[in-house]
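Chain residues, written in single-letter form:
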Amino acid sequence: MISVAVVDDHEMVRKGIISYLATEAGIKVIGEAESGNEAVKLVLNERPEIVLMDLLMENGNGIEATREILKSYPGCKIIIITSYYDDEQVFPAIEAGAFSYMLKTANAAEVVNAIKKAAQGESVIESKVAGKMVSRFREKEKKPHDDLTEREFDVLLCIGEGMTNQEISEELFIGIKTVKTHVSNILSKLGVTDRTQAAVYANRNGIIKRQA
């Protein structure tokens, strides 16, 4: 039997979810709460396996409640069910430890499926939210030097080797003025203030010439 707690500040929504879950074999609702603060007390006292958690509530929102619950009861699986999927809600909820993230546009069968999957250790992330998470991950993975042009990257390699502008000019067969332009662009894109910092950046990120 999967034990579930339902947290939502709208009584009709809360009661509707509870009524539907009462018809599902293998699921038992052991409590309900209408605020984040109430949710923390309920969950830590009753220890349900799964919590269906709304986000925006008075007296403690769902993000705060999720964080507090998991601090003392890390084995709990919290499924966020909300109308919101903007960055200000999604990422703090996931970072707080939410196990699954669903929108209130989901039908009852989808909620039941998410509960059963959570009990088996499988997360369910609404597609709109999943797309945001992938984009956020890619942004975090992107490095400043990824924005360099091919020629700027060549110049950075030379800077990493400690070459002067004259030496870079001779190495790459480009004019001094062009070298200076590339260096200026590199410093701007890397967010550094001088060649020394650019050289340190290059070496820290493995941007160095490979000896034949």
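Residues numbered from 1 in each chain as written. Predicted model: local features only at pLDDT ≥ 70, side-chain atom pairs only at ≥ 80, totals over all residues. Heavy atoms only, no water.

Asker: Where do I start with the overall build of the protein in this structure?
Answerer: On a plain count of helices and strands, the protein comes out with 10 helices and five strands. Over its C-alpha atoms the protein spans a radius of gyration of 26 Å, topping by over 25% the 17 Å that the globule rule assigns to 212 residues. Projected onto its principal axes, the C-alpha coordinates of the protein cover approximately 80 × 30 × 30 Å. When each of the 212 residues of the protein is scored for burial, the buried share is 41%. In the protein, once contacts between residues fewer than 6 apart in sequence are set aside, the share between residues at least 24 apart is 62%. As displayed, the protein has an accessible area near 11,800 Å², and 49% of this comes from carbon and sulfur atoms. In the protein, which carries 26 positive and 32 negative side-chain charges, the distance between the mean positions of the two groups comes to 4 Å. (Helix = DSSP H or I, 4+ residues; strand = E, 2+ residues; numbered from the N terminus. Rg over C-alpha atoms; globule rule 2.2 N^0.38 Å. Buried < 20%, exposed > 50% of the residue type's maximum accessible area, 1.4 Å probe, protein only. Contact = heavy atoms within 4.5 Å. Areas by Shrake-Rupley, 256 points an atom, 1.4 Å probe, with all protein chains shown as cover. Lys, Arg positive; Asp, Glu negative; His and termini not counted. Charge placed at Lys NZ, Arg CZ, Asp CG, Glu CD.)

Asker: What's the story with the nonpolar core in this structure? I'm lost.
Answerer: Nonpolar side chains tend toward joint burial in soluble globular proteins. Within the largest apolar cluster, 26 residues are counted, with the highest numbers of intra-cluster contacts made by Val51, Met53, Ile69, Cys76, Ile78 and Ile80. Elements supplying a minimum of two residues to this core: strand E1 (2–7), helix H2 (36–46), strand E3 (50–53), helix H3 (62–72), strand E4 (77–82), helix H4 (87–96) and strand E5 (100–103). Not counting residues up to four positions away in its chain, the partners in contact with Ile80 are Met53, Leu55, Thr66, Ala93, Ala98, Ser100, Tyr101 and Met102. The next biggest cluster of nonpolar side chains, apart from the first, holds 21 residues, and it includes Leu148, Leu172, Val179 and Ile207. (Core = buried A, V, L, I, M, F, W, Y, C linked by side-chain atoms within 4.5 Å.)

Asker: Help me understand the UniProt feature "modified residue: 4-aspartylphosphate" (unreviewed entry) in the protein, please; the structure alone is not making it clear to me.
Answerer: Under the present numbering, the feature "modified residue: 4-aspartylphosphate" (unreviewed entry) in UniProt falls on Asp54. Here Asp54 lies in the loop between E3 and H3. Ignoring sequence-local partners within four residues, the contact set of Asp54 consists of Val7, Asp8, Asp9, Gly62, Ile81, Thr82 and Lys104. (UniProt positions renumbered as here; feature names shortened; annotations may be inferred.)

Asker: Any chance you could explain the pattern of salt bridges here in plain terms?
Answerer: Oppositely charged side chains are able to pair whenever their charged atoms sit close together. Counting across every chain of the model gives eight salt bridges. Residue Arg14 is joined to Glu32 by a salt bridge in which the shortest nitrogen-to-oxygen separation is 2.7 Å. Residue Arg14 is located in helix H1 (residues 11–21), and its partner Glu32 is located in strand E2 (residues 27–33); the two are separated by 18 residues in the primary sequence. By relative accessible area, which is 6% here, Arg14 ends up buried. For Glu68, the salt bridge goes to Lys71, with nearest N and O atoms at 3.2 Å. Of this pair, Glu68 and Lys71 are both found in helix H3, three residues apart, which corresponds to roughly one turn of the helix. Since its relative accessible area comes to 36%, Glu68 is described here as partly exposed. (Salt bridge = Lys/Arg side-chain N within 4 Å of Asp/Glu carboxyl O.)

Asker: What should I look at first to understand the side chain of Thr66 in this one?
Answerer: Tracing the chain through its elements places Thr66 in helix H3. Judged by its relative accessible area of 1%, Thr66 is buried. Contacts of Thr66, omitting those with residues within four sequence positions, involve Met53, Ile78, Ile80, Ala96, Gly97 and Ala98.

Asker: Can you walk me through unusual backbone geometry in this structure?
Answerer: Outside of glycine, negative phi angles account for most residues, and trans bonds account for most peptide bonds. Even without being glycine, Arg47 reaches a positive phi, approximately 55°. By the secondary structure assignment, Arg47 is in the loop between H2 and E3. For Arg47, a relative accessible area of 42% translates into the label partly exposed. The residue Asn59 is not glycine, and still its phi comes out positive at about 60°. As for its position among the elements, Asn59 is in the loop between E3 and H3. Exposure remark for Asn59: the relative accessible area of 55% places this residue in the exposed category.

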